[in-house]
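Observations on chain architecture
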Amino acid sequence: MSRLNMWYKKLTIFQAVILGFVIINVIGAILLYLPFSSRNHIHTSFIDALFTATSALSVTGSIVVNTATHWTRFGQTIILILVEIGGLGVMTILIFFFFFLGKKMNIRQQRLMQETLNISDLSQTGEVVRYVLYFSLIVQVIGALILSIDFIPQFGLADGIYYSIFHSVSAFCSGGFDLFGGNILRFQNNPLVMLTLTSLIICGGLGFIVWRDLLTYHKTKKLLLHTRFVLTSLFILMSISVITLWLSESSRGAFDNIDPRFRWVHYMFLAISPTTAGFSNVDYNHISMFGIFATIILMFIGGAPGSTAGGVKVTTIGVVMIYLVSSFRNKQPTYKHRSLSDNLIRRSLFIILFGLLLVLGATLILLGTETIPNGFGLEYILMEVVSSFSTAGLSLGLTGRITTIGKCVLIVLMFIGRVGLVTFFWSSSSRSQEVKVKYPEGSILVG
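What comes next is a walk through the structure. (Residues numbered from 1 in each chain as written. Predicted model: local features only at pLDDT ≥ 70, side-chain atom pairs only at ≥ 80, totals over all residues. Heavy atoms only, no water.)

Quick look at the overall build of the protein chain
A tally of helices and strands in the protein chain yields 20 helices and 2 strands. Counting only residues that meet the buried cut, the protein chain has 52% of its 447 residues in that class. Expressed as a percentage of contacts within the protein chain between residues at least 6 apart in sequence, the contacts between residues at least 24 apart total 70%. For the protein chain, the accessible surface area stands at approximately 21,900 Å², while carbon and sulfur atoms represent 65% of it. (Helix = DSSP H or I, 4+ residues; strand = E, 2+ residues; numbered from the N terminus. Buried < 20%, exposed > 50% of the residue type's maximum accessible area, 1.4 Å probe, protein only. Contact = heavy atoms within 4.5 Å. Areas by Shrake-Rupley, 256 points an atom, 1.4 Å probe, with all protein chains shown as cover.)

As structure tokens, then:
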């Protein structure tokens, strides 16, 4: 035990985060592989079990087997637990048990949580962990209670309660899993279910730090710069997305079967879901090419940092946009009379550029391993790749037909997308500090 403890202490913060994810993921895959997890009572292919476990823990929602018909209630519950852990964060759950046992976090554990939840102040770690858990529990319980109003009369008491809990957790944690075998298309004309799922998605995708700031505003009378930046960035992104998707899809009659009074809910859902949730309120094979590529862009951007959403995060895009505009005007990049540091800009550029490189590399591999059906083009592969990287879970149909090599590629993408590009790439760095050497500047022509 002492050797194990010494080995653990040698891990960097980023390596410890990844190790926790891998351990939980493997345990989940083994449980889903067992015969009593599937309805036919035989072993599920381990690659399918691993894919499902990774999809659940990374809160992606991509499936290679039907969640409703393939898995038993035990298997579905394992998926539900993995989604909950993935949404809140592996380290958040582990630290919760520390509090439950009455133990205090040491500096190392606090730094783990600081990296997991994007907390700037180390002293706030314990308080934020408690807040995240309490806030998440309250929101998911309220969501389940509202959904049960519709689900219990439809499916009976036991199934109605289970369905309510499952879909409340899946929506809040951006899981994208459903128990209806066809996503949530059956609820297109059900305002109660659609509005509840939309609200849960927004709550999860906005970020725990932002909600904490908003809910304590009556005491503090001020908002963090981060909160204002997130709200402004999301408002701009969602406004543009809803308007453009409405213009592109209304002419195609995407929601002509919906009561005109509630169509705005679906256009809002169509814009919000790709950034975080992975639920689809429309068959993406029937929307315009503009709508598909707009969805791919929204998936790549994602939601807010420190939330259940994936993607490169909306604040990352916001920082780079401010930097580009400021560079064009030959001014210092600022926001609300605060300058943006060079380190923040470099980190934002790193995340976007490496994200694009990963997407391009994975797309090239899948173009060589997968078969594209007639009537589709590059978007068939690209949407699947970006969906996995951004943990969104939307698809044009490739997931159910994908090869073993393709599954492995998507598993890696989902893994990187959930732990984060910075955490993943910096996990290979050593604890030791390298000697800083300043070299003379070189001249290279660019542009």
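Moving on from the coordinates now.
Brief notes about unusual backbone geometry
Within the chain, His41 stands out as a residue other than glycine whose phi angle is a positive 60°. With respect to the helices and strands, the residue His41 is situated in the loop between helix 2 (13–33) and helix 3 (46–57). Phi is positive for Lys336, close to 55°, though the residue is something other than glycine. Tracing the sequence through the fold places Lys336 in the loop between strand 1 (334–335) and strand 2 (338–339). On the accessibility criterion, Lys336 (45% relative accessible area) is partly exposed.

Quick look at the side chain of Thr67
Mapped onto the secondary structure, Thr67 falls in helix 4 (residues 67–70). Setting aside its immediate chain neighbours within four residues, Thr67 contacts Gln76, Ile79, Phe177, Asp178 and Leu179.

Let's talk about the pattern of salt bridges
Applying the stated criterion across every chain yields a total of 2 salt bridges. With its nearest N and O atoms 2.6 Å apart, the salt bridge here joins Lys407 to Asp48. One end of the pair, Lys407, is in helix 19 (residues 404–419); the other, Asp48, is in helix 3, and 359 residues separate them in sequence. According to the relative accessible area criterion, Lys407 is buried, its value standing at 12%. (Salt bridge = Lys/Arg side-chain N within 4 Å of Asp/Glu carboxyl O.)

What to know about the packing of helix 5 (residues 73–88) against helix 9 (residues 157–172)
One way to put it is that helix 5 packs onto helix 9 with a least axis distance of 9 Å and a crossing angle of 30°. By the angle between their directions, the pair helix 5 and helix 9 is classed as roughly parallel. In this structure, helix 5 meets helix 9 at a crossing whose hand is left-handed. Two secondary-structure elements touch here, helix 5 through Arg73, Gln76, Thr77, Ile79, Leu80, Val83 and Glu84 and helix 9 through Asp159, Tyr162, Tyr163, Ile165, Phe166, Val169 and Ser170. A breakdown of the residues in the contact of helix 5 with helix 9 according to their chemical character gives 8 nonpolar, 3 polar and 3 charged. (Axes fitted to C-alpha atoms, helices over the stretch in contact; angles between N-to-C directions. Parallel < 35°, antiparallel > 145°, perpendicular 65-115°, else oblique. Left-handed = near helix turned anticlockwise from the far one by under 90°. Nonpolar A, V, L, I, M, F, W, Y, C, P; charged D, E, K, R; others polar.)

Some words on helix 9
For helix 9, spanning 16 residues, the distance from its first C-alpha to its last is 22 Å, which sits close to the expected 22 Å at 1.5 Å a residue. Buried within helix 9 are the following residues: Gly160, Tyr162, Tyr163, Ser164, Phe166, His167, Ser168, Val169, Ser170, Ala171 and Phe172. Positive phi appears at Ser174, one or two residues downstream of helix 9, with a value of about 60°. (Expected span 1.5 Å × (residues − 1).)

A closer look at helix 13 (residues 225–250)
Since the α-helix packs 3.6 residues into each turn, any two residues three or four apart lie on the same face. Taking 1.5 Å of rise per residue, the 26 residues of helix 13 would be expected to cover 38 Å, and the 37 Å separating its terminal C-alpha atoms lies within 8% of that figure. Among all positions in helix 13, only Thr227, Phe229, Val230, Ser233, Leu234, Leu237, Met238, Ser241, Leu245, Ser248 and Glu249 are buried. Its buried side turned inward, helix 13 meets helix 10 (191–206), helix 11 (208–215), helix 14 (263–276), helix 15 (289–301), helix 16 (314–328) and strand 1.

Let's talk about the nonpolar core
Membership of the largest hydrophobic core comes to 105 residues, with the highest contact counts inside it found for Ile79, Val83, Phe172, Tyr284 and Met383. Not counting the four nearest positions on each side in its chain, Met383 is found in contact with Tyr284, Ile292, Thr295, Ile296, Met299, Leu394, Ser395 and Leu396. Of all hydrophobic cores here, the second largest spans 6 residues; its members include Phe229, Tyr335, Leu340 and Ile345. (Core = buried A, V, L, I, M, F, W, Y, C linked by side-chain atoms within 4.5 Å.)

A short note on the packing of aromatic side chains
Scanning the model with the defined rule gives 18 aromatic pairs in all. Measuring from centroid to centroid gives 5.5 Å for Phe151 and Phe187, while their planes differ by 40°, and the two rings are tilted. Within this pair, whereas Phe151 is found in helix 8 (residues 125–155), its partner Phe187 is found in the loop between helix 9 and helix 10, the two being separated by 36 residues in sequence. Across this residue pair, the class does not change: Phe151 and Phe187 are buried. Put simply, the rings of Phe151, Phe155, Tyr163, Phe180 and Phe187 pair up and form one aromatic cluster. (Phe/Tyr/Trp six-rings, centres within 6.5 Å; stacked < 30°, edge-to-face > 60°.)

What to know about the side chain of Ser37
Along the chain, Ser37 turns up in the loop between helix 2 and helix 3. Once residues lying within four places of it in the same chain are set aside, the contact partners of Ser37 are Leu31, Leu32, His70, Trp71, Thr72, Phe74 and Gly75.

Here's the deal with the environment of Ile79
When you line up the elements, Ile79 lands in helix 5. What makes Ile79 buried here is its relative accessible area of 0%. For the pair formed by Ile79 and Gly28, sequence separation is 51 residues and the distance between their alpha carbons is 7.9 Å. With residues near it in sequence (within four places) discarded, Ile79 still touches Leu32, Thr52, Ala56, Thr67, Trp71, Phe166 and Phe177.

Section: a nonpolar patch on the surface
There is a patch of nonpolar side chains on the surface, built from Tyr134, Ile138, Ile142, Ile146, Ile149 and Leu192 and spanning about 570 Å² of accessible area. One can find Tyr134 in helix 8. Note on Tyr134: relative accessible area 54%, which makes it exposed. (Patch = residues over 30% accessible without salt bridge, like charges linked within 9 Å, V, L, I, M, F, W, Y side chains within 5 Å.)

Some words on the packing of helix 13 against helix 15
Relative orientation of the contacting elements helix 13 and helix 15 amounts to 165°, with a least axis distance of 10 Å. Regarding the angle of helix 13 to helix 15, the classification is roughly antiparallel. Like other packed secondary-structure pairs, helix 13 and helix 15 cross with a definite hand, here left-handed. Seen from helix 13, the contacting residues are Leu237, Met238, Ser241, Thr244, Leu245, Ser248 and Glu249; seen from helix 15, they are Phe290, Gly291, Ala294, Leu298 and Ile301.

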